[in-house]
Amino acid sequence: MNVSLEWLGVLLDTKLDAGHVSHELAMLGSPVESVTRANEGLDDVIVALVERVEQHPNADRLSVCQVNNGSEVLEVVCGAPNVAAGVRYPFAPIGSVLPGGVKLKRSKIRGVQSNGMLCSAKELELGGDADGIMPLDTDAALGTKLVTALGMDDVCLDVEVTPNRPDLLCHRGVARELGAVIGRPVKLQHIPGGPGETKTLQRHDQSGTVGGLEVRIEDTDGCYRFLAAVIRGVRIGPSPDWLQRRLQSVGQRCINNVVDVTNYIMREMNHPMHAYDLDRLAGPTLIARAAAGGEKLNTLDGVERAMQSGMTMICDANGPTGIGGVMGGASSEVRVDTTNIVLEAAFFNPKRIRKTRVALQMSTDASYRFERGVDIQGMTDAFHRAVELLLTTAGGEEADNPVDIYPKPVRIPSVFLRPEQVQRVLGVEIGRDEIEKYLTALGFAVAPKDDRIAVQPPGWRPDVTRDVDLIEEIARVRGYDSFPTVLRPFRPSQVPHEPQEAVKGRARVMLTGFGLHEARSSSLGPQVGEDAQAVLNPLSMEEKFLRTDLIAGLVRAVQHNWSVKQRDIRLFEVGVVFAAQAAVRLPKETLRVAGIVTGSQHPHHWSIPNSADFDIWDVKSFLAGIAGECGPPGRIVTDEGRVTYYDQGGTVRGWAGPVTVDVPAWAAPVFGFELDLATSLRAPRSHTDLPDQPAIERDLALMLPDGISSSQVEAVIKKRGGGYLESCAVFDEYRGTDIVGRSVAWRLVFRARDKTLRDNDIDGAVDKVLRALTEQLGVQRR
Amino acid sequence: MSKPSARDELEAVAATLTEIPHADPNRLSEIRIDVLGRKAGRLSGLLRSLGTLAPDERRELGRQANDLKKQVEEALDRRQAQMDVAETTSAQDLTMPGRTRWRGTIHPVNRVVDEICDIFKELGFSRVTGPEAETEEYNFTKLNIPLDHPAVDMHDTFYLADGHLLRTHTSPMQARIMEHYEPPVRIVVPGVVYRRDAFDASHAPVFEQLEGLVVDEGVTFVDFKAGIDYFVKHFFTKDTTVRFRPSFFPFTEPSAEVDVQCQMCRGSGCSTCKGTGFLEIMGAGMVHPAVFENCGIDPERYTGYAFGMGPHRITMLRYGIPDIRLLYENDMRFLDQYVSAT
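These figures come from a predicted structure and were not determined experimentally.

## Some remarks on the overall build of chain A
Alright, step 1. Helix and strand content of chain A: 17 helices and 40 strands.
Alright, step 2. In terms of overall dimensions, chain A is more spread out than a globule: its C-alpha atoms have a radius of gyration of 42 Å, far above the 28 Å expected for 782 residues.
Alright, step 3. Structurally, chain A occupies a C-alpha span of about 125 × 85 × 60 Å along its principal axes.
Alright, step 4. Scored against the burial criterion, the 782 residues of chain A give a buried share of 51%.
Alright, step 5. Counting contacts in chain A only where the partners sit at least 6 residues apart, residues at least 24 apart contribute 68% of the total.
Alright, step 6. Counting every atom, chain A has about 36100 Å² of accessible surface; 49% of that belongs to carbon and sulfur.
Alright, step 7. Within chain A, the 102 negative side-chain charges are centred at a point lying 5 Å from the centre of the 88 positive side-chain charges.

Structure (structure tokens):
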């Protein structure tokens, strides 16, 4: 919210410093996002006096002026017909930058050196008059900054207001907050030239009449209170300078003296109001009633909008003429020729406003405030001030006593506070007097009630409804800094660590050990698979679905790396994948790990001319290694040309293999793996005694016919190898045109626990293995 | 002077074993000749002299002498091999680069998450996680955020179905944990959260958040400040100033924004901290009694504090990363920088 420092200073009747205000507001909970000095672009322009004017020797329309800038007299060429000796003008010295961004250079104009420029209002973007330079009615010292001399050096603070504090959406609210800590009361400024008082309100329960206008609330759930005044004989025109300046200082566009008043009051006292042209209201009546579906209205912004039930309409005898609390209608808008106006100040149900705003997708200054809640009690003050301002700036007279339709006056309940509760939450003993001092400073009324304090929140604090709200107020005004920072003993948590976090950690340690970098991809992407869960309101079609696997994100990462000419890519990711379930259920979430590799197996080293690229055997071992420690118990099966990991129930839980993607000519093939993670780490394995007997090794070169796999051979070896067989492993493979099929070499290791084996202890077992291989698989020794 | 006894001679030869590993090439050939020399070698002489001894003693000493001979030979060979390698190496250009291995790194955001969790573990917090797809009830209502309250607007939400959404913060886990465990509760909850924000230099629709929650009897604002202060001083530096500012979150009261002294300028004001000297790192506060009530915990008996921070942002601050998108691209050149980063 834009706050003018000058306006704030007027309310607190003191000169304020932007830095100090920013700090205090931040420490109260409303940090200042930015500080903008008004008319910053005019910083270089100063007040100067033209002492003498002479005809330019070479040009009829130019003059040569002697300009006093406060420290010296400069010769300046001027083309304005209105330049006169003895008058002060805005002066831009050499080197200054004007609002358009033009930097002034020393130049010769028709042979005469000009040491600066006397400026017109248009050149300074202060008005439309380009006919001549801008005479200044100021007695500021020569050389004074123009903005200072004209009182246009205000500072605009962009204050961040949290949604619980509607009261801070106006200058008086911010001033109250600041006043509580700097110890100054808030006083509204006397309206210059104002009558000082206005007619008193006439209370009614349901409807009333003012100046021939009938006012009625029918939708008492949508509209709690409706004030209306009729002012006859206004003259529509521009607002006085001081008011325009105020509005401009907070970035509010000026429209005319009536609309400007409503905007001024909204920014000063937070109550949005609306002015109607009385003569354009049929009836004339103003009725707040619930919208019937299908009604249409042209709003002030020139858009035809369809009303829905649940909205509160402001209607005249012909139908809707405004959407209550959101925007007025075009038909009853105040125009240049308007002479009689109705001023409305109403209170609308915040929740209904919110629904209306969401349904119409239009947020206005008014809806923003009504949605958060305005002061239903203090609105009468704002209304009187608005009427007084209107009478002052637009003239005219109040036709009657204004009406105050208020069917069910709202009572704001007191909140009871036990001083010991303050200590219980804040950890510091704070005396009753101190508590009362802070609350009173913020506008709360306090009174003793038994051992408690009865606190009456003011109407502008709808957020304060329970004792903890008051405790926060106390802490805020006392200052969060005033509380100590002392670490005390604590009891251990009843909540155990999530066991899967340890699995995650183990997988990450293993994979970084394999040389892979950890990636983090977005879990939103294009659809992969039938059971992908869609997002109802995606940012784009490319991010419409939750991921069903991790490899797709890693493939995108590989493509990014290719786009920046990286050939060697090694990435893994641990993350959640989603599967849609029946509509009533949330999608199923599974924690996975996946890896992707392409390019050199090792960093290039000069001692090895050509390092091999990653291939299937790398990802197969990654899968086996990770699954062994971090996967659900299960096994790797190679079937149909794929490496698949099955859990003990036979469900596929992972895979490893080549990844299908268009590979640039200069890049290497891509391999990947993906695996569900176990829900917890396995129990630590128990120790195996180290062997104290030597082993005997036998190498067998076996001829495998086509169609026979090494796992089949291994199964036979293990089955027939006898009790001394400790391990068997492939150590070589040979394929060539000189042999049929392939030759695979196995190393069998035999060992006995309790004796040193001799060759003849195992010869029998080796023979059995060879025989079985031949019989069952047609595998012969080479 | 009598000839040294065979036993003494054995001991003297054994002593050379300690010398051999450090001997230089000249000394090494001296020892070889002195001990093993066929004619004048001490062990050769010793073995020759055994014939004069009694059979038992001869057998015993003979075995020892042969063992020793083997040991000396091995030690000499080992030393020789060592010196051969050194000679080859010194002939090489050692300014040539050494052989390296691929080294992987943990993603900087996850590294920061781990570090934060580890610090809170020192304060007795457990590390837990929760679902990323949530219900409106857990994401909003149980946390004292009525669906028709403007505070909902602070959360641009992705919806999956009526009442189902992608969590906009990790706070739903506050409710889930409070419903399942009796206090004392001390947890940190890292996890992915979702906001319907367009991707730009400082916003991403999918990002990491880290939640903390403490619930017990007698937990106060002072304990809250102390816990956060402990974290900041251990995560950043122990002289880092922490600032608590009032703020608003529906599920905490009093609520606070926590600022730390800007790590770039140490508080004097720079472009990173927009001249304020401070950087906002988390939202926090005392658990709102309404949240306790919604989760079946008696607010008259228990109090607590909660906090939430954005590891992406903290990662950017810690390493001076200018654009959040770098944390999503998984560029090898970017990740390579973190192999040895601390």
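## Remarks on the packing of aromatic side chains
Alright, step 1. All told, the structure shown has 22 aromatic pairs over all chains when counted by the stated rule.
Alright, step 2. Relative to Phe 231 of chain B, the ring of Phe 120 of chain B has its centre 5.0 Å away and its plane inclined at 20°; by these criteria the two rings are stacked. Pair noted here: Phe 120 of chain B is in helix α5 (residues 108-122) and Phe 231 of chain B is in helix α8 (residues 221-235), with a separation of 111 residues, a long-range link. Assigned by exposure class, Phe 120 of chain B and Phe 231 of chain B land together as buried.
Alright, step 3. In textbook terms, an aromatic cluster arises when at least three aromatic residues are bridged by ring pairs, as seen for Tyr 480 and Phe 483 of chain A together with Phe 120, Phe 125, Phe 221, Phe 224, Phe 231, Phe 235, Phe 236, Phe 244, Tyr 305 and Phe 307 of chain B.
Alright, step 4. The positively charged end of Arg 176 of chain A is found above the aromatic ring belonging to Trp 460 of chain A, 3.4 Å away from the centroid.
Alright, step 5. The ring of Phe 490 of chain A carries Arg 186 of chain B above its face, with NZ or CZ at 4.0 Å from the centroid.

## Overview of the confidence of the model for chain B
Alright, step 1. Averaged over every residue, the pLDDT of chain B is 89; the share at 70 or more is 98%.
Alright, step 2. Two numbers describe this predicted complex: its pTM, 0.84, and its ipTM, 0.86.

## Focus: the packing of helix α2 (residues 18-28) of chain A against helix α4 (residues 171-182) of chain A
All names here are of chain A.
Alright, step 1. Their axes nearest at 10 Å, the elements α2 and α4 cross at an angle of 90°. One finds that α2 runs roughly perpendicular with respect to α4. Contacts from His 20, Val 21, Glu 24, Leu 25 and Leu 28 in α2 reach Val 174, Glu 177, Leu 178, Val 181 and Ile 182 in α4.

## A word on helix α6 (residues 257-269) of chain A
All names here are of chain A.
Alright, step 1. A rise of 1.5 Å per residue sets the reference length of α6, with its 13 residues, at 18 Å; its end C-alpha atoms lie 18 Å apart and thus fit the reference within 8%.
Alright, step 2. Here α6 lies mainly inside the structure; twelve of its 13 residues are buried.
Alright, step 3. Among all positions in α6, only Asn 257, Val 258, Asp 260, Val 261, Thr 262, Asn 263, Tyr 264, Ile 265, Met 266, Arg 267, Glu 268 and Met 269 are buried.
Alright, step 4. With a side-chain oxygen lying 3.0 Å from the backbone nitrogen of Val 258, the N-terminal cap of α6 falls on Asn 256.
Alright, step 5. With its phi angle positive at about 75°, Asn 270 sits one or two positions after the end of α6.

## Digging into the environment of Ile 133 of chain A
Residues and elements named next belong to chain A.
Alright, step 1. Mapped onto the secondary structure, Ile 133 falls in the loop between β9 (117-118) and α3 (146-149).
Alright, step 2. A C-alpha to C-alpha distance of 8.8 Å links Ile 133 and Lys 122, two positions eleven residues apart in sequence.
Alright, step 3. Setting aside its immediate chain neighbours within four residues, Ile 133 contacts Cys 78, Ala 80, Asn 82, Val 83, Tyr 89, Leu 118, Cys 119 and Ser 120.

## Brief notes about the interface of chain A and chain B
By a widespread convention, an interface's size corresponds to the accessible area lost as its parts come together.
Alright, step 1. Contact residues are listed per partner, giving 94 residues for chain A and 104 residues for chain B.
Alright, step 2. Between chain A and chain B the total buried area reaches about 8300 Å² when both faces are included, carbon and sulfur atoms providing 57% of it.
Alright, step 3. Connecting chain A to chain B are eight salt bridges.
Alright, step 4. Put simply, Arg 466 of chain A and Glu 293 of chain B hold a salt bridge, and the shortest N to O gap is 3.0 Å.
Alright, step 5. Linking chain A with chain B are 47 residue pairs in polar contact (both at pLDDT 80 or more).
Alright, step 6. Looking at side-chain class alone, the side of chain A that touches chain B contains 42 nonpolar, 27 polar and 25 charged residues.

## Let's talk about the packing of helix α1 (residues 6-19) of chain B against helix α3 (residues 42-49) of chain B
Residues and elements named next belong to chain B.
Alright, step 1. For the pair α1 and α3, interaxial distance at closest approach is 10 Å and the crossing angle is 155°. In terms of axis orientation, α1 runs roughly antiparallel to α3. As for the relative orientation of α1 and α3, their crossing is left-handed in sense. Between α1 and α3, the contacting residues are Ala 6, Glu 9, Leu 10, Ala 12 and Val 13 on the first element and Arg 42, Leu 43 and Leu 46 on the second.
Alright, step 2. Here the residues of the contact of α1 with α3 sort into six nonpolar, no polar and two charged.

## Re a positive patch on the surface
Residues and elements named next belong to chain A.
Alright, step 1. Positive charge collects at one region of the surface, where Lys 719, Arg 720, Lys 768 and Arg 771 lie side by side.
Alright, step 2. Of all the secondary-structure elements, those providing two or more residues to the positive patch are α16 (710-720) and α17 (759-777).
Alright, step 3. Within the element layout of this structure, Arg 771 appears in helix α17.
Alright, step 4. Taking relative accessible area as the criterion, Arg 771 reaches 48% and is therefore assigned partly exposed.

## Concerning the sheet that holds strand β2 (residues 133-135) of chain B
Residues and elements named next belong to chain B.
Alright, step 1. Overall, antiparallel pairing links the three strands, which are arranged β2-β4-β3 in an open sheet. Where the open sheet ends on each side, the last strands, each with one partner, are β2 and β3 (159-161). Looking at each pair of strands side by side, their axes are set apart by 35° on average, direction ignored.

## A short note on the pattern of salt bridges
Residue and element names in this part refer to chain A.
Alright, step 1. Scanning the model with the defined rule gives 73 salt bridges over all chains in all.
Alright, step 2. Between Asp 404 and Arg 225 there is a salt bridge, with its nearest N and O atoms 2.7 Å apart. Of the two residues, Asp 404 sits in strand β24 (residues 403-405) while Arg 225 sits in strand β14 (residues 223-232), which places them 179 residues apart along the sequence. Taken as a pair, Asp 404 and Arg 225 share a single burial class, namely buried.
Alright, step 3. Taking the shortest distance from any N to any O, the salt bridge between Asp 277 and Arg 280 comes out at 2.5 Å.
Alright, step 4. If you follow the salt bridges from partner to partner, you end up with Arg 165, Asp 167, Glu 177, Arg 461, Asp 463, Glu 473 and Arg 476 in one network.

Thresholds, definitions, all that
Residues numbered from 1 in each chain as written. Chains lettered and ligands numbered in written order. Predicted model: local features only at pLDDT ≥ 70, side-chain atom pairs only at ≥ 80, totals over all residues. Heavy atoms only, no water. Helix = DSSP H or I, 4+ residues; strand = E, 2+ residues; numbered from the N terminus. Rg over C-alpha atoms; globule rule 2.2 N^0.38 Å. Buried < 20%, exposed > 50% of the residue type's maximum accessible area, 1.4 Å probe, protein only. Contact = heavy atoms within 4.5 Å. Areas by Shrake-Rupley, 256 points an atom, 1.4 Å probe, with all protein chains shown as cover. Lys, Arg positive; Asp, Glu negative; His and termini not counted. Charge placed at Lys NZ, Arg CZ, Asp CG, Glu CD. Phe/Tyr/Trp six-rings, centres within 6.5 Å; stacked < 30°, edge-to-face > 60°. Lys NZ or Arg CZ within 6 Å of the ring centre and 35° of its normal. pLDDT = per-residue confidence, 0-100. Axes fitted to C-alpha atoms, helices over the stretch in contact; angles between N-to-C directions. Parallel < 35°, antiparallel > 145°, perpendicular 65-115°, else oblique. Expected span 1.5 Å × (residues − 1). Polar contact = N/O pair within 3.5 Å; in protein donor to acceptor, adjacent residues only side chain to side chain. Buried area = accessible area lost by both parts, 1.4 Å probe. Salt bridge = Lys/Arg side-chain N within 4 Å of Asp/Glu carboxyl O. Nonpolar A, V, L, I, M, F, W, Y, C, P; charged D, E, K, R; others polar. Left-handed = near helix turned anticlockwise from the far one by under 90°. Patch = residues over 30% accessible without salt bridge, like charges linked within 9 Å, V, L, I, M, F, W, Y side chains within 5 Å. Pairing = 2+ DSSP bridges.

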